Structures are given as structure tokens and as C-alpha cells.
Amino acid sequence: MANGQWFPPDWPERIRALADGTLTPVTPKRAATVMLLKDTGRGPVVHMLRRRASMAFAGGAYAYPGGGVDPRDDDRHVRWAGPTRAWWAERLGVDETTAQAIVCAAVRETYEEAGVLLAGPAPDSVVRDTTGDDWEADRAALVARETSFAEFLDRRGLILRSDLLGAWTRWITPEFEPRRYDTWFFVAALPEGQRTRNASTEADRTVWIRPVDAAVSYDEGELLMMPPTIATLRQLTACATAAEALAAAPGRDLTPVLARARLEAGEVVLSWPGHDEFTKHIPTGGAPA
């Protein structure tokens, strides 16, 4: 039975164009996504959303809340708790300004798409309830880019809790894709008192699911996912609690994972270093195998 790997029909043609030099890769945009966890009696579950089938990128695939960096996320300091910007810069392999933007994107996108906010009025507190018309108006303004995340935090008197995030892995969209992202994946635990909801216009369904159950459904072809999603789910199966995942994050390798395409014995071989399960063999004139 085929698994649920997302594989667009135009990939073979684009891969061959990249291999023969007729396709120029676009520069990837910075992005962040968050694997939001909560504990249950059967182990942690992760919050996932299903992208609408009409979406140009990964339509119908299950993913985590996330999205691109807002350029305004790095143009001013935000109120900040947890590891310093310098610490995050070293951890993420970027400068301090970029580190702030990436962390802000992770927290902002989680709020925009799941209604969960990793911020509080003090360095050791978290907002307990983000429901209500006033919160929804703020969230909608963020989505529409009518206000920046820093402005939102300042007006609410909130401090971003960077200590509630753990950097887990980093993936870069393959060079042959027309939409490319340099994405940092984070883990976080659902704050006490808050609850998720489908706040994204890009998703038609959300679920809380054990990583092992999601992986089985992918293997059986029931859930469609991109390689980074199923790869991180398999990694999360080793964690017995959300706290264990957060504790493991600082020791994880953040070397970017970037798919490679090469010509070999009359076919194009598409592979992701360190992730052999995603390797595809594409005949020069046929479909992937």
C-alpha cells in the first residue's frame, strides 16, 4: 500500500529541469512552525491541521501551525523572557535580529492559526484565555498584517515567552519548488487554561493525535503529509511527555535538511539526506517510483 507522502504531479518535470540547468532555484523565505503538544493518559498528542485542498502549496496535507516571517518581526525589540536573543542566534545559526524574527514568527503563527499564545503579563506567566471578541479582533489584525506582533504585545502589555519553545529541526524546501521556505520547527506545550481551535483560513480540519497514530495513518496512506511532517512525528514518538520533548530539543541537530536531485543510470534520484524513506526514483520520461 502506498504511504501518504505528498508528491505534486509537476515535481518530475521540475526536477528534470533543475538537473539539466533550465530551472533557477528561488530564494527560500524564512518561516517557523510549532509542534504544539499536550499530555494525555496515553502519552502526548500533537496539534495538527489539514490544509485545504484548494491551497497551492501542500493542499490536503496535514501539517502544524506555522508560516512565514513578517519583516516587521525584526525591526524592533519585543518584550522578551527566556533565553536571550544572543542564545537563540547561536542555537538557530543566524544573527540576533533574524533570531528574534524567527521566534516571533513561531509564537505569532501559533496564535494566528491555533488561537494559542505563548506570552504573558510577566516573565513567569502565560495568558490563560485568548477567547472573546477583543482577542479575535487582535488575531484578525495580525493575520491581515494590519498590526505587527510587537505592536500587539506592547498594546496588551505582554512578554513573549521564548523559554516555552524548543528548537527541534530545520528543513529547506527543495530547490525545484516554486515556493520555497527555510523553516525552523519548534516544540511547545499547550499552556494551562488555553485551548486550540481552527483559527486558520488555510485549514479545513484540526486534530489532536498521538505521533505514533499519525505515523501509522501516514504509512497506511490515510493521512497525507510532507516529508518534514512525518519525519518529525516519527522523532516525537520517542518522547513520553511534552516536557520530555522540550528537554530533548536543545540537544538536537539543526543542520538544514535539503532534498537533493541527481541523475543516475537514466533516472533522476530525489533524496533527503538522513531520511532514506523519502527517496524517489524518477525515470527520465516517467512517474516517480
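The structure under discussion appears in the preceding block.
### Observations concerning the packing of helix 3 (residues 96–114) against helix 4 (residues 133–143)
Link 1 in the chain: Running from N to C, helix 3 and helix 4 cross one another at 120°; their axes reach a closest spacing of 9 Å. By the criterion of interaxial angle, the relationship of helix 3 to helix 4 is oblique. Where helix 3 crosses over helix 4, the two elements pack in a sense that is left-handed. Contacts between helix 3 and helix 4 involve Arg 108, Tyr 111 and Glu 112 from the first element and Trp 135, Asp 138, Arg 139, Leu 142 and Val 143 from the second.

### Some points on the packing of aromatic side chains
Link 1 in the chain: A complete count under the given rule lists eight aromatic pairs for this structure.
Link 2 in the chain: With a centroid separation of 6.3 Å and 80° between ring planes, the pair formed by Tyr 111 and Trp 135 is classed as edge-to-face. One end of the pair, Tyr 111, is in helix 3; the other, Trp 135, is in helix 4, and 24 residues separate them in sequence.
Link 3 in the chain: Between Trp 135 and Phe 152 the ring centres are 6.3 Å apart and the planes differ by 70°, which places this aromatic pair in the edge-to-face class. Placement of Trp 135 in helix 4 and of Phe 152 in helix 5 (residues 149–156) is noted, with a sequence separation of 17 residues between them. Neither residue differs from the other here; Trp 135 and Phe 152 are each classed as buried.
Link 4 in the chain: Clustering of aromatic rings is evident, with ring pairs tying together Tyr 111, Trp 135, Phe 149 and Phe 152.
Link 5 in the chain: In this structure, Lys 38 is placed above the aromatic ring of Trp 208, and the distance from its NZ or CZ to the ring centre is 4.5 Å.
Link 6 in the chain: Over the aromatic face of Trp 135 sits the side chain of Arg 156, whose NZ or CZ is 3.7 Å from the ring centroid.

Thresholds, definitions, all that
Residues numbered from 1 in each chain as written. Predicted model: local features only at pLDDT ≥ 70, side-chain atom pairs only at ≥ 80, totals over all residues. Heavy atoms only, no water. Axes fitted to C-alpha atoms, helices over the stretch in contact; angles between N-to-C directions. Helix = DSSP H or I, 4+ residues; strand = E, 2+ residues; numbered from the N terminus. Parallel < 35°, antiparallel > 145°, perpendicular 65-115°, else oblique. Left-handed = near helix turned anticlockwise from the far one by under 90°. Contact = heavy atoms within 4.5 Å. Phe/Tyr/Trp six-rings, centres within 6.5 Å; stacked < 30°, edge-to-face > 60°. Buried < 20%, exposed > 50% of the residue type's maximum accessible area, 1.4 Å probe, protein only. Lys NZ or Arg CZ within 6 Å of the ring centre and 35° of its normal.

Keep in mind these values describe shape, not function.
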